[in-house]
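# A closer look at the structure
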Amino acid sequence: MPHHHNMIKGYGNEQQFLLPVNAMEWLSENDITYAILDILSLLDISKFIDKYREDGRGSAFFDPRVMLGILIYAMIRGEKSSRKIEMCCHYDIGYRIVAHNLTPDHTTIYRFKKNNSDEIKSLFKQLSRIIVESGIAQIGVLALDGSKFGCNASLSANKKLKHLESELNRLFDESQEIDESENKDGNAQDMRINRLPEHLSTNEKRKKVLIRARDKIIERNKEESKKQEEKIKEREKEERESGKLKRGRKPSKPQKNPSPDLKVNVTDPDSQIMSTTNGWIQGYNGQIIVSENQYILAALLSDEQNDKKLLVPMLNELQELFSGIHPPILPHSFLSDAGYYSYQNALAENEYSMNFIIPPSKERKIHEYTLDDGNVSRMEEICKMISNGIRVTIAELANIGTFVWRSFMDREKNATNEEICRRIMEARVRSPTGRELYRKRKYMVEPVFGDIKHNMRFRTFSQKGKENCEGEFFLAALVHNIKKLAKISNITTVGHFFSRFLIHPQSQFPLFYQPRTVSAMRGLRSVNEILIMLAISYTKV
């Protein structure tokens, strides 16, 4: 009796028209590859092209849009290996579409990514500006956060300055003797048996690596010494103006020569030891500012572990993005966690005209809104009115006078500006409006790092040096924005959407932002004088 198996059978290898003739029909119409092609076709890549000769001489090069498409699609798929990307360009339909059926080798892919870090950075800024101007990004509230990324270097490669100097002295002493021995005995070929890396293959190259690491330590020591001198001068200036010595230990004098115990990583001197929830890593600190609907508007890669020092640089990046946009873009609130709070950072809102919501302490220590917090909020409003030249009635001053006297003046020493600033920021965060705004931070910025680290599997850099790692970080930010754009509507309409915007800059796409609010911290440096005036006015009443 014959058997009839329910078997799925394929076609013969010589079957014609097994796939559609049009390669664009190989994937579903909502595949992200089409969004990549649409967006890349609209962006200006002249900076990539300008690096090559215009007279047609020399070796041919791949279209930068092809190389960018490959890198973007590879990062979406979570693939970082250049060799695996090369193999995918032969066998993966998605790669073949974004690569226009070209198959660059792994060396070409790696060198393109390494040699175009600045161009990739400018491409990210170009797309971010389009996103802002088109009104896609909801920028009424912005959020800042950072995350640590590992680099292509080991923690064990950190060496102390005294070790580097002793090793350099040894190499300098032995260099001439070894060179003479190799030339005399002809044993240079035997030295290659060890197969050291190219950048460590000779004494001269090893010396260059160690000298670069030593110079990095000296450079960092100079920067720290300069900051320490500025801190000392600022303290002395405040003491001269007040006529009183400040409490607390005086800052120590900066060291002219770096300590022999200072460490640097000889593999990647630009990187630093970073603390994470899972322990210590060798890497960099990646910072991003995102909109309410999770578009990355500004990014920065730093070797600074402390987030407090990165708030102002990030605001400068944001200001650069908004400059020249008409009508002006004016977000009304700026959110970040307690790691960014400092007195100087709180005062920065005067310059950037945004209402900062930065808790001075961790979220679990934020208490409920009390009557005193309400008085602090009212005091902030009155100080804001006075510093902006708005007349305040005696009755308004009298209402707040008792609280000001009891909380800040009826004690041995008047409250300092730092203490008052902290109370104001605490009251902001505890208020119902502040709590509602601060809750947004969690679902605005933290899922973005989740997408980059988990979905894209981008946790460590594959290259060495801060400049090269910046290119990878900004590529990840660019890819995230492209993924978000691909979800706004039908993928096939993304190109048409941007084409309409680019042709008609004043089209009907609204800007999602609220009117500019006057900074409540303006004039906070003289807040003690305002408090004294409040108390005097109250006593007159």
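To keep things clear, this report deals only with the structure shown in the data block. These figures come from a predicted structure and were not determined experimentally. (Residues numbered from 1 in each chain as written. Predicted model: local features only at pLDDT ≥ 70, side-chain atom pairs only at ≥ 80, totals over all residues. Heavy atoms only, no water.)

## Section: the overall build of the chain
- When helices and strands are tallied, the chain shows 20 helices and eight strands.
- Put simply, 76% of the contacts in the chain that link residues at least 6 apart link residues at least 24 apart.
- Accessible area of the chain: about 30,500 Å², with a carbon and sulfur share of 50%. (Helix = DSSP H or I, 4+ residues; strand = E, 2+ residues; numbered from the N terminus. Contact = heavy atoms within 4.5 Å. Areas by Shrake-Rupley, 256 points an atom, 1.4 Å probe, with all protein chains shown as cover.)

## Quick notes on the pattern of salt bridges
- Considering all chains together, one arrives at 17 salt bridges under this definition.
- As a salt-bridge pair, D145 and R441 come within 3.7 Å of each other at their nearest N and O atoms. In this pair, D145 is assigned in strand β1 (residues 141-150) and R441 in helix α16 (residues 432-444), connecting sequence segments 296 residues apart. No difference in accessibility class separates D145 from R441, as the two residues are buried.
- Each of K125, E317 and E320 takes part in a single network of salt bridges with overlapping partners. (Salt bridge = Lys/Arg side-chain N within 4 Å of Asp/Glu carboxyl O. Buried < 20%, exposed > 50% of the residue type's maximum accessible area, 1.4 Å probe, protein only.)

## Details of helix α10 (residues 311-322)
- Along its 12 residues, α10 runs 17 Å from first to last C-alpha, staying within 8% of the 16 Å computed at 1.5 Å per residue.
- When we look at burial in α10, the residues that qualify are L311, M314, L315, E317, L318, L321 and F322. Around the axis of α10, the buried residues are gathered within 155° of arc, so they sit on the same side.
- At the exit of α10 stands G324, carrying a positive phi of roughly 80°. (Expected span 1.5 Å × (residues − 1). Arc of directions from axis to C-beta.)

## A word on a nonpolar patch on the surface
- On the surface, I49, Y52 and F61 cluster together to form a nonpolar patch covering roughly 240 Å² of accessible area.
- With respect to the element layout, Y52 can be found in the loop between α2 (46-49) and α3 (64-76). (Patch = residues over 30% accessible without salt bridge, like charges linked within 9 Å, V, L, I, M, F, W, Y side chains within 5 Å.)

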